[in-house]
Structure formats: C-alpha cells, structure tokens
Amino acid sequence: MSDTRDLLRRTAELAADYVESLDERPVFPDVTPEQLREALGGPLPEEPLPAEQVVDELAAAAEPGVVALGSGRYFGFVIGGELPAALAADWLTSAWDQNAGLYAGGPSASVVEQVTREWLVELLGLPADSSIGFVTGTQMAHVTGLAAARWHVLDAVGWDVGAKGLTGAPPLQVIVGEQVHVTVERALRLLGLGAPTVVAADSQGRLVPEALREALGEGPTIVCAQAGEVNTGAFDPLPAIADACEATDAWLHVDGAFGIWAAVSPRLRHLVAGLERADSWTTDAHKWLNVPYDSGVVLCKHPESHRAAMTVAASYLIQDEGAHRVRDQVDWVPEFSRRARGFAVYAALRSLGRRGLVELVERCCDGATRFAERIVGLDGVEVLNEVVLNQVLFRFDSDERTDEVLARVQAGGRIWLSGTSWDGRKAIRVSVSNWQTGDEEIDLAVQEFASYAGQSPAR
C-alpha cells in the first residue's frame, strides 16, 4: 500500500498546485484542439505503465486545456466553484468508492443523503416529508421529478403508466412559459410526453398567470415554473401559478436550478413566495452550493408517487421491504449503480452552516448589483434585466459591438463570461455564483469591459 499512498500524496500535490494557481492563471485556456490531441493522444501502450507516471503525464498534458471554472473571475453560464470541504469530501467519495444505489452498497452513503434531505427541506422551506433524489444535475432532476408527476396525474385518473405505458393513456397536458429552460423540454421528450404547450412570458421571462389560466384544461396536467430564469434571474409568480394549479388539480414542477437558493436568505426569500406549494423542485448543487460537478437534487412533495415512478426490484438485490428503516437510493433516482453524491453536499452545508450559506447567496447577489451599476456607466451599454438575483444581462448599442467587445474580453483571459440572445438581439450574461467572487473580481470584470470598449470605468 505504500505505492498507493505515494501516488495519492503526489496527486494531492498536483491538485493543490492547480487550485493555488487559480488566482493567476488565464480563466480560459489558450490551446487548440489539435495541440491537446497531440499531447493526450497516441497509441495505447502495449504494456502497463506505473500509476504515478500516468497521473503525472495526464496532469501535464491535460492542464493546458483545463478551464478555471473554480476561479472567482469566471462569470460564464451559472457555474460555481468548489468549496474546500466539498472538494475534500468528493476525494473521499472516490476513495471510498461506494455503490450508492443500495443501502447494502454503502450504509453511510444512504444515511448521509437522509440527513442532507432534512437540512435541505428546512433550508428551502419545503414540506417536511418531501422525498429527495441525488442525480447528475438538473437535467436528470427534471426527468425524475416529471416522471413522478406523470405517474401521479395519470394514477389520479386510473391509469397505471408503469404497467401500461403511454399508449392508450388519457391525454396529458404539459404547460410551460416561453422562457422555459431547454432541460425541461428535453426531459419531456425523454419521458415520451412530447412538446409542451407554451404560454406567454413577460419582458423578464416570467410566466404570465393569465396566459396559464387560459391554457389550463381538464384532465391530467403538469405545469412547469421557474425560480430563476437563466438569463435574467427572474422568478415566475409562484403564488398565482400555484392558485391556478390547485384549482385544476395540476401538478406544479419548479425548475430552481440556481434561483431556489434565494429561499435561504431572509432578504431574498420573498422572491420564492409560494415555493412550498409546488409538487416537485429541482436544483443544481454544483451551481450556487459550490460542490464539485455531477451533483443535482430533486425533491418531491409526494414521496409515494416519486418512489412509484422510480423503484425497481430484483431477486438478487438486498432491499429493505419492511418498515423502510433504511433507504435504498435506487428507489428514488433513474440510476442503478451511482456515485455517492450526498457526501459532498453534506460537507458543503456543514462547512458553510446556515449563516455562511446566507452570506454566500447574498454576497453573490450584491456582486451582480455592483456589476450592473458600474457597467451601465459605459457608453452604449444597456442593462436588460431587473437585477433581482445573481444574473446581469446587458448589451452594447449594436449586435456587432456586443460580439466584438465580448470576444476581446474572453480572449484577454483575465475573466470569462458568455454571450446569449435576448428579445431577438445579442447580449452578454454575467452570473455571479462562485464562493470566491468578491468586489475585487467584480471591479476587474467592469475594468476589462471598459478597457476593451475603449472607455474608463465608472466609479
């Protein structure tokens, strides 16, 4: 085992060197695909190689193509970093190598998910008996939550979708707003539900309740709402949507990939008023909670429907079929064998504590406000959204200039953020969701735009 200890010690050194370089390294790598292929490619060795040599050579070849997603200067998409405790817990998760599908494959993995469920339900203000599933990300969280919804609304009209499938089933309507995230639409395709009914959204991307009420009919229905539109950060009016759903017995599913975390802040909680009235919720822990990637969460108000949609049984499995003293995770997610994702989420929450989590969320939102107030001082810049959370959407006076300045900023390597389209025109999206992003990084981002736009930043 001494060789393994030496290997892990060397790997820890390489990892620490990388993490310590985040403040200085370019955020996006300056390397071509051809250069990476040359460094990483070649024929498969005929003979075994020493593990330490493999790791050293992998680090040397791959690191030039690694994006500094963990840097506080990364503002692209909605991507968090890695809290130190979550990173360390993720290493232990790999070392322990538990199969988190069954309690028998990892008792601690099962129990830590139960404990984490209790914490999350309390933090988010959801019904106390809500069930949970730990999945790869919000994409599979949508698949899981909407599978539970499909089972529930069809069961309510006497149709067993698990036994009979969808052929011959009563028509099932799914309603979404115009700015629904594409992962919801793909989840519906994967579940055989097809394209949804799309209703109007307002200028910030919020679903319009009147349009929803007009679209609601009779029969099995699922409504998908958003807590945090991906460009603007806007929140659908959940109380009015919940009223409409309750009046028609529709299932309300909330996409809270990042915006659901507003619920932990006394200052921001009003944005998610009515959240607890939904039937299912999703979020990405690898966004604002800042755990390593491959970490999504689905929660469901109806554990019996959640379990019915996901559960599986086989004669060779060791499952608890009695009083449910233990939790077999395979009953709650689409995956059979899977990584023990709960450990990193557990570690992140414990390391932050309630106060630290509130501070993280509020600091990121303050950073977005700070950026918006300063960027609007540049000539030709228009901020397009009401900055209510951690997202800023802005553009210059023409699509050409928007693209040109963004490309220059990206190529500069000191910060990175992504472009998008809004209301038929090019725009730039800033997401502040990293635990290491503070005023210094925000001001640097404004300075970079000012520099490449040929202006002086506002003070």
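Preceding this section is the structure that the text describes.
Quick notes on the rules
- Residues numbered from 1 in each chain as written.
- Predicted model: local features only at pLDDT ≥ 70, side-chain atom pairs only at ≥ 80, totals over all residues.
- Heavy atoms only, no water.
- Helix = DSSP H or I, 4+ residues; strand = E, 2+ residues; numbered from the N terminus.
- Rg over C-alpha atoms; globule rule 2.2 N^0.38 Å.
- Buried < 20%, exposed > 50% of the residue type's maximum accessible area, 1.4 Å probe, protein only.
- Contact = heavy atoms within 4.5 Å.
- Salt bridge = Lys/Arg side-chain N within 4 Å of Asp/Glu carboxyl O.
- Core = buried A, V, L, I, M, F, W, Y, C linked by side-chain atoms within 4.5 Å.
- Pairing = 2+ DSSP bridges.
- Axes fitted to C-alpha atoms, helices over the stretch in contact; angles between N-to-C directions.
- Phe/Tyr/Trp six-rings, centres within 6.5 Å; stacked < 30°, edge-to-face > 60°.
- Polar contact = N/O pair within 3.5 Å; in protein donor to acceptor, adjacent residues only side chain to side chain.

**Student:** Quick one: what's the story with the overall build of the chain, residue by residue and with numbers?
**Tutor:** Regarding its fold elements, the chain presents 14 helices and eleven strands. Whereas a compact globule of 459 residues would reach a radius of gyration of roughly 23 Å, the chain reaches 23 Å, a difference of no more than 12%. Projected onto its principal axes, the C-alpha coordinates of the chain cover approximately 65 × 60 × 45 Å. The 459 residues of the chain split such that 51% are buried. Intrachain contacts of the chain at a sequence separation of at least 6 include 73% that bridge at least 24 residues.

**Student:** I'd love a proper account of the pattern of salt bridges, names of residues and values included.
**Tutor:** Under the definition given, this model contains 29 salt bridges. Residue R206 is joined to D202 by a salt bridge in which the shortest nitrogen-to-oxygen separation is 2.7 Å. Across the pair D439 and R370 runs a salt bridge, and its minimum N-O distance is 3.6 Å. Pair noted here: D439 is in helix α14 (residues 439-452) and R370 is in helix α12 (residues 342-375), with a separation of 69 residues, a long-range link. According to the relative accessible area criterion, D439 is partly exposed, its value standing at 44%. Through salt bridges with shared partners, one network takes in R370, R374, D439 and D443.

**Student:** Before we move on, can you summarise the nonpolar core with the specific residues and values?
**Tutor:** Counting residues in hydrophobic clusters, the biggest one holds 84 residues, and the most contacted among them are W261, L289, F371, F394 and F449. By residue number, the principal contributor to this core is α12, which donates 15 residues. Apart from residues lying up to four places away in sequence, F371 is in contact with V392, F394, V430, I442, A445, V446 and F449. The next biggest cluster of nonpolar side chains, apart from the first, holds 25 residues, and it includes A148, W151, I222 and M310.

**Student:** I'd love a proper account of the sheet that holds strand β10 (residues 418-422), names of residues and values included.
**Tutor:** One open sheet accounts for four strands, arranged β8-β9-β11-β10; its pairing is antiparallel. On the outer flanks of this sheet lie β8 (382-383) and β10, each paired with one strand and no other. The pairing of β8 with strand β9 (residues 391-395) spans two bridges and is classified as antiparallel. Note on β9: the bridge partner recorded for V383 is F394.

**Student:** Residue-level account of the environment of E210, with values.
**Tutor:** Turning to its location among the elements, E210 is positioned in helix α9 (residues 209-215). The class of E210 is partly exposed, set by a relative accessible area of 44%. Separated by 93 residues in the primary sequence, E210 and R117 place their C-alpha atoms 35 Å from one another.

**Student:** Provide a residue-level description of the sheet that holds strand β7 (residues 296-300), including the pertinent values.
**Tutor:** Taken together, the seven strands give an open sheet; going across it, the order is β1-β7-β6-β5-β4-β2-β3, and neighbouring strands pair in mixed fashion. Among the strands making up the open sheet, the edge pair consists of β1 (131-135) and β3 (197-199). The average undirected angle you get between the axes of adjacent strands in this sheet is 20 degrees. With five bridges joining them, strand β6 (residues 280-284) and β7 adopt antiparallel strand pairing. Along β7, the bridge assignment pairs T282 with V298. Along the sheet face, helix α6 (residues 138-155) touches β1, β4 (221-226), β5 (251-255), β6 and β7 and points at about 175 degrees away from the line of β5. Against the sheet, helix α11 (residues 303-310) contacts β1 and β7, and its axis sits at roughly 40 degrees relative to β1.

**Student:** Quick one: what's the story with the packing of aromatic side chains, residue by residue and with numbers?
**Tutor:** Summed over all chains, the structure comprises nine aromatic pairs. Ring centres 5.0 Å apart and planes at 15 degrees place the aromatic pair W119 and Y346 in the stacked group. Here Y346 lies in helix α12 and W119 lies in helix α5 (residues 107-124), a separation of 227 residues in the sequence. Exposure remark for Y346: the relative accessible area of 25% places this residue in the partly exposed category. Look at F394 and F396: their rings are 6.4 Å apart centre to centre, the planes differ by 65 degrees, and that puts the pair in the edge-to-face class. The burial state of F394 is the same as that of F396; both residues are buried.

**Student:** Explain the side chain of S418 residue by residue, including any values.
**Tutor:** Relative to the helices and strands, S418 resides in strand β10. You can call S418 buried: its relative accessible area is 2%. Here the side chain of S418 touches F77 through a polar contact of 3.3 Å, landing on its backbone nitrogen. Filtering out sequence-adjacent residues up to four positions away, S418 remains in contact with G76, F77, L406, Q410, I428 and R429.

**Student:** Please give an account of the environment of Y74 that cites residues and values.
**Tutor:** Of note, Y74 is situated in the loop between α3 (51-62) and α4 (84-96). Here the alpha-carbon distance between Y74 and E373, two residues 299 residues apart in the chain, equals 19 Å. Residues in contact with Y74, not counting those within four places in the same chain, are V27, V67, A68, L69, I79, W416 and S431.

**Student:** Pulling in residues and values, what's your account of the pairing of β6?
**Tutor:** Of all the five residues making up β6, five are buried; the element is thus mostly covered by neighbouring parts of the structure. For β5 and β6, the ladder comprises three bridges, and the chain directions are parallel. Paired with H253 across the two strands is S280, which belongs to β6.

**Student:** Describe unusual backbone geometry, and please don't skip the residues or the numbers.
**Tutor:** The phi dihedral of D97 is positive, around 55 degrees, even though this residue is not glycine. Structurally, D97 is set in the loop between α4 and α5. You will see that D249, though not glycine, has its phi angle at about 60 degrees, which is positive. In this fold, D249 is placed in the loop between α10 (238-248) and β5. Assessed through its relative accessible area of 68%, D249 is described here as exposed.

Bear in mind that shape data such as this cannot, by itself, settle questions of function.
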